[in-house]
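Below are the chains, spelled out letter by letter.
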Amino acid sequence: MSMNLLTFNQLYHTYAKDVHRFAFWLCGDTDEANDITLETFERAWLADSEIRTETVKAYLFTIARNRFLYKRRRHKRHTLLNEAMPDTTTALETRTELQSELQLTLEAMQLLPEIDRAVLILRAEEGLSYEEIARTTGLTITAAKVKVFRARAKLVSLLSKTTPRNEHE
């Protein structure tokens, strides 16, 4: 797909939320996710060639992931997580419980290697096929399937270690 077929404005309005969500799950920081999102669309805008992947979404996720990896290599630091915004329609007790679960999940995600976080987000949150995940990450399709399976298992294991057990179970 050529950038000429899709105006930049259409591209941004169609995919900005998806790219931002992906970037946030990778880095765990809203400000950094904002930066990665802006840099992703800047790179897409300035690209001289046509998009080489089958989907624009996979192309943008590839750019976002590369920007994230570049920032990690450059800064060599671990980012602290911001608290998520609660849903105002949810009761305070439920909201607190959900926020706690989300915080535990975000913290556990940050303990996973970057590639594991990336494949989990691409599959579970963004709904990409294994073929698109393979193209986005540079893995083979088989390796992408295995990586998603193992990353899920690692996340479940991490969460089971941090989640308090109910005494009545």
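Every residue gets a number counted from 1 within its own chain, in the order that chain's sequence is written. For this predicted model, a pLDDT threshold of at least 70 governs which residues receive local features, and a threshold of 80 or more governs which side-chain atom pairs are given and counted, while totals over whole chains, interfaces and linings are taken from all residues. Excluding hydrogens and water, the side-chain figures rest on all heavy atoms present in the structure.

Draft legend 1. How the structure looks around the packing of helix 5 (residues 114–125) against helix 6 (residues 130–137). Fitting a line to C-alpha atoms yields each axis, with helices limited to the stretch in contact; the angle taken between N-to-C directions then spans 0 to 180 degrees. In this description a helix means any DSSP run of H or I spanning at least four residues, a strand means any run of E spanning at least two, and both kinds are numbered starting from the N terminus. Close contact between helix 5 and helix 6 brings their axes to 10 Å; oriented N to C, the two are set at 145°. Like other packed secondary-structure pairs, helix 5 and helix 6 cross with a definite hand, here right-handed. Two secondary-structure elements touch here, helix 5 through I115, V119, L122 and R123 and helix 6 through Y130, I133, T136 and T137. Class assignment for the residues of the contact of helix 5 with helix 6 results in five nonpolar, two polar and one charged. Handedness of a helix crossing follows the sense of rotation of the near helix relative to the far helix, less than a right angle counterclockwise being left-handed and clockwise being right-handed. Any pair of residues with heavy atoms lying within 4.5 Å of one another is described as a contacting pair. Three residue categories are used. Nonpolar comprises Ala, Val, Leu, Ile, Met, Phe, Trp, Tyr, Cys and Pro, charged comprises Asp, Glu, Lys and Arg, and polar comprises the others, including Gly.

Draft legend 2. Spatial organisation of the pattern of salt bridges. Salt bridge, as used here, is a side-chain nitrogen of Lys or Arg placed within 4 Å of a carboxyl oxygen of Asp or Glu. Scanning all chains against the criterion turns up eleven salt bridges. Among the ionic pairs, D18 bridges to R21, the shortest N-O distance being 2.6 Å. Highlighted residues: D18 and R21, both in helix 1 (residues 8–27), separated by three residues, approximately one helical turn. Since its relative accessible area comes to 15%, D18 is described here as buried. Note that E126 and R21 form a salt bridge whose closest N and O atoms lie 3.2 Å from each other. Placement of E126 in the loop between helix 5 and helix 6 and of R21 in helix 1 is noted, with a sequence separation of 105 residues between them. For every residue, the accessible area obtained with a 1.4 Å probe (protein chains only) is divided by the maximum for its type, and the residue is called buried under 20%, exposed over 50%, and partly exposed between those limits. The partly exposed category is assigned to R21, whose relative accessible area is 28%. Within the structure, one salt-bridge network assembled from shared partners comprises D18, R21, K57, E125 and E126.

Draft legend 3. Inspection of the nonpolar core at higher detail. Side-chain atoms within 4.5 Å link the members of a nonpolar core, which is a set of buried Ala, Val, Leu, Ile, Met, Phe, Trp, Tyr and Cys residues. In this structure, L11, F22, F41, L60, M109 and I133 are the most contacted members of the largest nonpolar core, which totals 41 residues. Excluding anything up to four places from it in sequence, L60 contacts L11, Y15, V19, T40, F41 and A44.

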